[in-house]
Amino acid sequence: MLQQQAPLEQALQQPIGWAMPASMHRQPSWASADHNFNDDDELNSSASQQPLEQAEPDPDISREGPLLLSTRVEYSALPKGQTQAVFGLVTIQAPETAAKVATPDADEERRPMDVVCVLDVSGSMDSHNKIGDLKEAVRFIIDESQPQDRLSIVTFNSQAQRKLKLRRMDRQGKHEATVETMRLSASGGTSIAAGLDMGLAVLEKRRQRNKVSAVLLLTDGQDHSSSAHLKTLTQRAAKAGCGLYAFGFGVDHDADLLREISEQARTPYTFIENTATVKAAFAGVVGGLSSIVAQRVELTLDCQATLKDVNTPFAVTRQGENGATVTIPDVFAGERRDILVELSIPADLPGTSEDGSTVLLQASARYQDLRSSRGVLVQTSAVQMTVQRVDEVQPEMEPDVEVSDQRDRVQVTRTLEQAAQCSDAGQFEQAQQLIREQRSKVSKRQSVVAEALSLELEDAEDRMRSRSSWQVGAAEVKDAFQMHKMQRCTNTFASASSAVTKKSKAMYMNSTQAAWTSKSSRG
């Protein structure tokens, strides 16, 4: 009997111009194209409603927006007549006072949200009270939701199920959400892609939208079938205008897969070492979402010098050698986004003024201001990065502290990532050498940021001693470098397996997140 040919073999033997039948395409069994999820609860306030497709308003150049834009250069003076390579810093910052945001203990209304919880209910979640801690975390989100918020619950093991439609969190909605949460039980395998696909479909097919929306993905398992679909899934999240936040339970979860999701979604990845802290981690994310002051930030860089590199995890579109646009999905109140640029300044750069200053770069930003219900589009005025061209530079001139801090942050992030890759490959001596070399450089500087980064490196070095220590410590290190890369964090709890008291998380948590996580620990 002849062996049946595989579809690909059949296809390769067909004449040119032959079209593969639809039955031969390998579609995932969880594809959500036919899901009919356009049953989301209606928003009761027309001011907060926003259709999925709407025309972008004209930018308001006169409006005072919530974001502050500033520039700094590594050295304030450079010698004339010489080609110079120099680092510069462009910072977008939202002060804590940029918006009036409500904490969980306040009676004030805050910005409404659409949140989809995508929850792993595979068999492994039945151990160590994981499913119980998960239920408690979801119930906290339900209890702290306001009537204008909407929540959906999707569960997955080897398949996905929508347990709760996108439901307004009024009295009846909270009751239904709580009932579905308490019914959660663990069994079966793990298909993260199936859960994400269905969670995204809930937001894609909604008839109306709150301006702030997110998918919270939590899993404790290994899934070797989902990585091929991550790019498509994260692109769908971006198109739907929602954040995607990944949480990994315990040391056995697939940290690489979740960090890859976070990398593509441009969000932090959260390692939950102790399942009892998942409630605080969820609270940190939702507290941050409630404080968003700007979305769809487009930072434009127009350089007089050559723009050699733009160091940022966010999408960069280059305009030749002298320009770039950086796209940042959103900014929480109290957050900053530091874009480290590398410039090559020619000896004869034109534009030097009478006082000897030369413009190196102009930066401006365009973004949606979420402080009003209309979501006004704001265009900032340009700010300049300048340097003095002098005949002779003072030999004792020190580099700018903030530029140096951000250079260290970028380099430490890269070193941690490279060392983690070495450790994954079992090259622990090489990994530790990378860490030690970078730590020796950072420890020479005296600043709050440098101290925090040095402690981060010390902790990583300890976790890369051997295969056994890396098995326990890998997820913590990958959580750390993704946090530093994104300049965003979901919690401040310390790792029980850490040999040092780290200080990095405090740099990235805002006051609203702190208030939410504090209340979660009191419950």
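Notes on the structure follow. Because the structure is predicted, anything quoted here is derived from the model rather than measured.

Regarding the pairing of strand 1 (residues 68-73)
Okay, so step 1: Only one face of strand 1 is buried, namely the one carrying L69, T71 and V73, since none of L68, S70 and R72 on the opposite face is buried.
Okay, so step 2: In the sheet, strand 1 pairs with strand 3 (residues 84-93) via six bridges, with the strands oriented antiparallel. Looking at strand 3, one finds that L69 is bridged to I92.

Topic: the sheet that holds strand 8 (residues 243-249)
Okay, so step 1: One open sheet accounts for six strands, arranged 6-5-4-7-8-9; its pairing is mixed. Pairing within the sheet leaves two strands with one partner each, and these edge strands are strand 6 (160-168) and strand 9 (269-272). Strand after strand, the sheet turns through a mean of 15 degrees between neighbouring axes, direction not considered.
Okay, so step 2: Pairing geometry for strand 4 (residues 113-120) and strand 7 (residues 212-219), over seven bridges, is parallel. Bridge pairing links L119 to L218 in strand 7.
Okay, so step 3: Helix 3 (residues 171-182) rests against strand 5 (150-156) and strand 6 of the sheet, and its axis sits at about 160 degrees to strand 6.
Okay, so step 4: The strands touched by helix 7 (residues 278-289) are strand 4, strand 7, strand 8 and strand 9; relative to strand 7, the strand with the most contacts, the crossing angle is about 165 degrees.

Brief notes about helix 6 (residues 255-265)
One turn of the α-helix equals 3.6 residues, which is why residues spaced by three or four share an orientation.
Okay, so step 1: Taken together, the buried positions of helix 6 are A255, L257, L258, R259, I261, S262 and A265.
Okay, so step 2: Downstream of helix 6 by a residue or two, R266 has a phi angle that is positive, lying close to 60 degrees.

What about the sheet that holds strand 1?
Strand pairing in a sheet takes place through backbone hydrogen bonds and is either antiparallel or parallel in direction.
Okay, so step 1: Pairing is antiparallel across the open sheet formed by four strands, whose spatial order is 1-3-14-11. Looking along the sheet, the strands with just one partner apiece sit at the ends: strand 1 and strand 11 (306-311). Taken pair by pair, the neighbouring strands of this sheet meet at an average axis angle of 25 degrees, ignoring direction.
Okay, so step 2: Sheet contacts for helix 8 (residues 401-424): strand 1, strand 3, strand 11 and strand 14 (336-345); angle to strand 14, the most-contacted strand, approximately 100 degrees.

Considerations on the environment of E451
Okay, so step 1: Relative to the helices and strands, E451 is located in helix 10 (residues 448-463).
Okay, so step 2: For E451, a relative accessible area of 40% corresponds to the partly exposed category.
Okay, so step 3: With 52 residues separating them in the primary sequence, E451 and K503 have C-alpha atoms 8.2 Å apart.

Digging into the pattern of salt bridges
Okay, so step 1: Inspection of the entire model under this criterion finds 43 salt bridges.
Okay, so step 2: When the shortest N-O distance is used, the salt bridge between R259 and E417 registers 3.7 Å. Separated by 158 residues along the polypeptide, R259 in helix 6 and E417 in helix 8 bring together distant segments of the chain. Summarising the burial analysis for this pair, R259 and E417 share the class buried.

The rules we used
Residues numbered from 1 in each chain as written. Predicted model: local features only at pLDDT ≥ 70, side-chain atom pairs only at ≥ 80, totals over all residues. Heavy atoms only, no water. Buried < 20%, exposed > 50% of the residue type's maximum accessible area, 1.4 Å probe, protein only. Helix = DSSP H or I, 4+ residues; strand = E, 2+ residues; numbered from the N terminus. Pairing = 2+ DSSP bridges. Axes fitted to C-alpha atoms, helices over the stretch in contact; angles between N-to-C directions. Contact = heavy atoms within 4.5 Å. Salt bridge = Lys/Arg side-chain N within 4 Å of Asp/Glu carboxyl O.

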